[in-house]
Each structure stands twice: as C-alpha cells, then as structure tokens.
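In case you want the letters, here they are:
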Amino acid sequence: MDNDTLFLPTPSSFHAFPYDPPYSIQSDLMRHVYASIERRQVTIVESPTGTGKTLSLLCSSLTWLVDEKDRARKGQLLQRSISSAEPSWVADQALDIRKRELEAEDQAYEQRLAKARKTEAQFRMLARARVTKKQRMAVDLAEERLDEDAYLPDEDYEDHEDNFSPAVRALMAKMDKNNKCDRHSQEDEPSCTKIYYASRTHSQLSQVLPELNKLRFNHLALGSVVQDQTTVANTSRPAGDASYHKKRAVKDADDDQCEPDQQQWRTVSLGSRKQLCINEDARSKQGDLDEKCRELLEGKQNKRCQYLPPAGDDTRMFVLRDQILASPKDIEDLATAGRNAQACPYYGSRRAIPQAELITLPYNLLLQKTAREALGIDLTNQVVIIDEAHNLIPTLLSLSSVRLTSNLLLTSLKQVSVYYQKFRNRLSATHALHLKRLTNFLDAFRKVTMEWMTERSKAKSTRQDTEVMTVSDFIHMLGRKVEGINLLEIETYLKRSKIARKISRYAVSVSEAEKPGKHPSGVATPPLHTIEALMLALAGASEDGRLIFSTMGDAVEIKYQLLNPSALFRDVVEVARSVVLAGGTMSPISAVVSELFTYLPQDRLSTFCCGHIIPASNVQTLLLTKGPSGSDLEFKFAQQNNRQVVSELGQIVLNFCNVVPGGMVVFFPSYTSLNFAREVWSQSGLMDKFSVKKKVFLEPQDSSEVDMILREYGIAAKSQPLDKKTGAVLFAVIGAKLSEGLNFSDDLARAVVVFGLPFANKHSPELQERMRYANQVELRSGAKRPASGKDAATEMYENMLYVDNLLSSALLKAEPSDTVETGPPLCL
C-alpha cells in the first residue's frame, strides 16, 4: 500500500483563513505546515515579517487539529463496530448509541464552559464594586527563627537508593499517579492533542491571540469543527485590488468579537510568577518572588497565600480553570481573571493544561526539561511550533549554561556546613550521607578555585586571566575523593528532597538572629540551586561541555558552557509528533540543520522558504561607505567610539530626516554605541536639529517603559502637526526590545537605518571554544569542502550575524547595483 494513503490529504484551500483569497505564499506555507505535521516531520519555515506568518501557522496547525479530532472520533466508532461480535442490526444500534454518548459528552463539556463564561462575567461585575484589602501575613519572625524543627528535611522524602528494581519503581509511580487521579475523579480532566506555540518574549506571544480570533472555525456535530465554505465570512480580495490592505485593516477592527457559532479554542497562556502573581503582599517584599511563592505554598493557616485553596479543596481552582479554558486570555487577562475569582492564575493556568488545545508559552518554559516537569507538560505526540526561531540556537546555548562566582561557592559551602553541624544528630542516614558528599564536593571545588586564583596572582604577566577546560579535566582536578561521587545522584537528592531551601532559610535565620537590630532580608534564591544546576550539567556532559574560569576582580567566575545546542533540543524533537521552526530569517537553513538536526533521517526533515508579498520595486536598499564630508564610514567595534565617525553618522540621519516622511527607525549594534552617539550628538547640537524635523524617541533599557514609548512613537509618526515636524525618529538597538516581534508598518517605518552589523565578539573565550568545536565536528564527520571554501568555524561565525526580521527582506535582497562604493558599514 502506498504510504501516502495512510496520511490525511493536505487541503487545497483553508476556509478558516479570514481573507479570501489568501496570498499564494500564504496558501503554500499553510499546505506545507499541514503536511509536515501530518507526516510527523521537523520543518524549518522561512517567511519574512509582514507575510502573515503567525496567522498562517495558526490556521494550518489548527485545521490539522480539527481533522485529527475527526479522525480520532471515527477511529473510536470504527473500533467499536469491528470489535462487536453481535448481529449487524445490534452492532448498528450500539454504534448509534455510542455516537449519541459522544455527542452528549461534548455537549456537556461545552455547557460547562458556557457556564464558566457566565460566572466570569458575574465575577467581573462584582470586581468593579469590590475593595481589595491587602492581606497581612501574621508571621512572628522571632517564633519562626526559633522553630528549628521546620528546617529539618521532610520525613516523607523517598530514598531511591533502595532494593527495588526500576520496573517495580515504575509500577509504584503508576499506582501513585492513579491514586491521585482517583482523588479528583469528580472532576473530568481529559487530556487531548494540543499545539504548543512558543516565542522568545511575552510581547511576541501577545500578538498570537488577536490572530487566533480572526480565524473562522465553526461547530459541527460530535463536537468536531469543520470549515463550511457557505457559512464562513471571508473578506474577498480581487486580484490586483490596491485598496485590499485598507479593507483588511477595517475588517481587523471588527474581528475582536467572536461570532456566536465560531469555535472557541481552549487556549492557555503560560507565564512566570512575576507576570501572574496577584498577591500584592508577596510582590511588595524584597527577595526572590519564586521562593516567596513556594514558602507561602508550603505555609499553613495564616502563613499560606490567600489565593491558594486549602489542601483538599480545589473548588476555586477548578472554577478558574474552566474560565481560562472558556475563552482565550493573554497574560494580563489571566491575572484579571485570577483577581476576580480570588484564585491564583499561575497555578490555575497549570490546571488548565491537560484540557487545552492551544498553549502559548515563552522559550524557556518549553525548552527546559525541569520547567516542563514543573508545569506538567508532556510533549509526547504533540505539535510544537517555535516562532522567531532565528533565536533558537543562542537561546538553547544560554539555557544550558551555568554561571557562578567563587563568592557564591563559598556561601553554599558555609550554609551546608552550618546546617550539617547543627542537625547532624537528627538527620537520617540517607540525608547525612548525601549532605556529607555534597560538602566534600563543594570543599574540593573551593580549593580548585582558590588554587587557580593564586596561580594567576603570582604570574599575572605570563598567565591569561581566562582558562577553558573540559569536564573530565575539571573532575580530575577535584581529586579522588570527589571523582567517585555520583553527581547526578546528589543533584537528584537536592531536587526531590527540596532541602536546598531549608538550608538557605536556616542560614539566613541564624545570620539575622546574630544581628537582632538588622531589618530582615527578603526571601532569596538559595545559592545551592545554582550548584544543583552545575552538578546536573557536569553529570550529563560529554565532550560537548566546557568549564571556563576567569578572574573577576578579587573573585573567580566559573561558567559551564554546552557547545552543542542540539543536545538540549533533542529531548523535544524525539518525543513531539512534529516540530515547526518558523522565522523571518532562517537562512542559511543548512546551518540550522548542521547545528540541530544532524541525527535526523532525511524523510523526517523538511524546509520551506518564500519571498515577501511586497514587490522588490517597492523597496530601496543602499549600502553606504562614505559620509557627507567624503570620509570613510568604518563602524567596526574599535571605531564605535570615534567621535568623527559618529558625527558623520549623525549628519546622515539628519539628511534623511529632511526627506523621509512619517516614522524612521535607526538601529545601533549595542546600548553602549547608542548612548555614546546620543552624548556626541547632544554636545554638537545635532539632537536639537533632529527634534526640529522629527520628534525623537530612544529605546528604553527598562522593559516596563517599552509600551509607552511605542505608543507615543506611533502617534507622532502618523501625526501631521501644524509645525515643521514631519513624523518621528526612533533610535533602537539590534537584538534588544524593539528589533523583533514588532510590526513597523506603513508610516511607522518609512525608512530603516542600520549602523554597522552586530558581529559577535570573536575574542570571547566561549565563542573561540565553539568555533574550535565546530571544526572538530566537521573533521570527525569527514565532510569535504572546496579548497578555497570556509571552514566550519568561519561559517558558524558569519551565520551568527543577527539580521533583524524588519530588515531581512531589504538587506538580503540587495543587488550589487544598490551598493554605494563598496562594503557594508552602514545599511539603509
């Protein structure tokens, strides 16, 4: 049988798409994504900013989810008919009964969500009249310090160094899971196939739900949804209609409200405690919010967070869960719903995961195994979409790195030693053994660090301030006493026993007791958590990991760096049904494949690239190497503090301000170069000249000010004042808060200017080690390159150059004839 007959047929058109007809590249992209998901592939999709990428990804993946539901439903009924040994008329009747049962189940579930919508509306009305009083935690600090029993390890900690086989442990875990499910049998929590939609920041994810609301999926019998061409309200776009974008914009404004018969996707937005915590008392206190939350979660009676239900009473959480699933909500909506329901939105959103069909979340919650386990995310046979995926490789490397200082190492050692000496006679043999091994590891680590620092101090002129070593060399330096310790075993103990928090809290308690006049400090992140992360990295490291020691004043900084980004991502790829990497600038795709997917068979990998919907004749791209005075514009790192070059750049910006209408965005390689330019231009009077022509805005370094700056810039860029100012100019930084995930359309960016190109620091020890590793991998693979070709390290370095989505369609399409002189120090 042909394998293609086993797959769902790829739709020729997508009726849920809100604009009829879609652009050809949108149709091609949707068909490709649908087929890739159905064929269980990993696909890399490149679609420039402004081509409707998010809308196309949602439409194609959710269309597949609709068809998958229908296939699963038919499979249930078919299995029922095949397994039946009764006469045909009895089997038909049984099949009809099963159909009605499924319909009743779907109807009951929809009624439950409809009830949740009504309850949410009532809560909103009550919230307007409610006066929220800040809860005071009646905690006697002195009493808390004296209660030493609270710092002892939990008695119910399970030691896995027993005589049970792995099979018996798995069976015990399964039985425990079933027991937990039985306790909540009154609440039906079916898990379903779902789509995980991830992006780098919450500001990027906030654009997903408005696009979701534009899609036109309608209800049908059996609870499934189909695309009915006769009932879908589409906006017709005649070929060549120049007013299409204006009609589309008007229609977008009307799309905020869902029609009564439109499918309400069960959607959950996941975020951190910082974004979702509604306990103002906890938020107002100093210290780490995550640790404060965990402390309030473990507390009893008046020490427990008021938004967490009492143990065994989950009614409020179930009510909030249903409200979350009843209608799509972004992070701000979740926080509001939590306040109205007087229930924690952070834990409420986690409760909604099993029943959700679409889950939006930032990179770190998807890519880190520990985060997935904490949230209860199981990616097995699920669809994963990663947007803005040009950030994926640096994000993976960042998430797999661990950084600590010799001061933190000493603090950890002191805390464990004090705790062990205090409670050694009250600890079980298992706890005492693990803590003794941990102390030995920390002490040996301290000695290696101090010896390394001493050697550098004695021979400053002959020894470098940085040293890179392999994990095996580092473990050998720790000595025989530590070489025999199973680091993974200790890390597992720390994670499961959660003793790091008790050790840290006890150490802080002792410190504050010794200084009674000192104001109590906030709850801090236990330093042992960093040690725990390092031990996990060392235990799982092979030749792909490096330790980098470097001097930092009087201290030593130790950084663990994973050189192979695919190691962390492989856990996702191997269990998910399909993974879609989408971005505006994924080229060269071969580089992404070589760094992430060398282990995948060819039939599991697919790619898609498309051009922009904007004709090339509508975009002018220039590369400038000469300033207005005729001097060379060389904006390399060493020249970024050259006042003459910066002054020339300022004159170029002023010239553009004179001729460019509306908004203009100017990008710098870094905040340092932006701040230096602002200083030079302010002293020379150029900033005042900019202000005469356009209203001036600068990217803030505080994330909380971004929305306000964008709002004011948008108003100024589109306004037509009576004075001589025409629009606005926005100075921003490539790779920072304003350079991606934002749509500077029409008057918001009639011109884009880029000063230099942000190449990575080639002298960085981490980068040098990555480049050396890339060449080693190429050598081991036996790959041959042309005699004049670049080696793998050079290719990797050049591919790391970050070209923002906003600029990609212009810069990547630049023709030689567009170049003024030669060389690209300044791009327009």
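Reading the values: rules and limits
Residues numbered from 1 in each chain as written. Predicted model: local features only at pLDDT ≥ 70, side-chain atom pairs only at ≥ 80, totals over all residues. Heavy atoms only, no water. UniProt positions renumbered as here; feature names shortened; annotations may be inferred. Helix = DSSP H or I, 4+ residues; strand = E, 2+ residues; numbered from the N terminus. Buried < 20%, exposed > 50% of the residue type's maximum accessible area, 1.4 Å probe, protein only. Salt bridge = Lys/Arg side-chain N within 4 Å of Asp/Glu carboxyl O. Phe/Tyr/Trp six-rings, centres within 6.5 Å; stacked < 30°, edge-to-face > 60°. Lys NZ or Arg CZ within 6 Å of the ring centre and 35° of its normal.

Per an unreviewed UniProt entry, the chain carries the name ATP-dependent DNA helicase CHL1 and comes from Rhizopogon vesiculosus. According to the UniProt record, the Catalytic activity (unreviewed entry) comment for the chain reads "ATP + H2O = ADP + phosphate + H(+)". The UniProt entry for the chain carries the following text under Function (unreviewed entry): "ATP-dependent DNA helicase important for chromosome transmission and normal cell cycle progression in G(2)/M. May have a role in changing DNA topology to allow the loading of proteins involved in maintaining sister chromatid cohesion in the vicinity of the centromeres. Has a specific role in chromosome segregation during meiosis II."

Draft legend 1. Layout of the environment of lysine 718. Here lysine 718 shows up in helix α30 (residues 706-718). We classify lysine 718 as exposed; its relative accessible area is 53%. Separated by 56 residues in the primary sequence, lysine 718 and glycine 662 have C-alpha atoms spaced 5.9 Å apart.

Draft legend 2. Seen up close, the pattern of salt bridges. The final tally for this structure, using the stated rule, is 28 salt bridges. Between lysine 214 and glutamate 211 there is a salt bridge whose closest N-O contact spans 2.8 Å. Taking relative accessible area as the criterion, lysine 214 reaches 11% and is therefore assigned buried. Where glutamate 574 meets arginine 570, a salt bridge forms, and the shortest distance between an N and an O atom there is 2.6 Å. The partly exposed category is assigned to arginine 570, whose relative accessible area is 36%.

Draft legend 3. Expanded view of the packing of aromatic side chains. Summed over the entire model, instances satisfying the criterion amount to 21 aromatic pairs. Judged by centre distance (5.1 Å) and plane angle (70°), the ring pair of phenylalanine 445 and phenylalanine 474 falls under edge-to-face. Highlighted residues: phenylalanine 445 in helix α19 (residues 429-458) and phenylalanine 474 in helix α20 (residues 471-477), separated in sequence by 29 residues. Overall, the relative accessible area of 0% leaves phenylalanine 445 in the buried class. The exposure class assigned to phenylalanine 474 is buried, which follows from its relative accessible area of 0%. Ring geometry for phenylalanine 474 against phenylalanine 549: centres 6.2 Å apart, planes inclined by 50°, an arrangement best described as tilted. Of this pair, phenylalanine 474 sits in helix α20 while phenylalanine 549 is found in strand β12 (residues 545-552), placing the two residues 75 residues apart along the sequence. Since its relative accessible area comes to 0%, phenylalanine 549 is described here as buried. Joined through ring pairs, the aromatic side chains of Phe441, Phe445, Trp452, Phe474 and Phe549 make up one cluster. We note arginine 570 situated over the ring of tyrosine 599; from NZ or CZ to the ring centre the distance is 3.9 Å.

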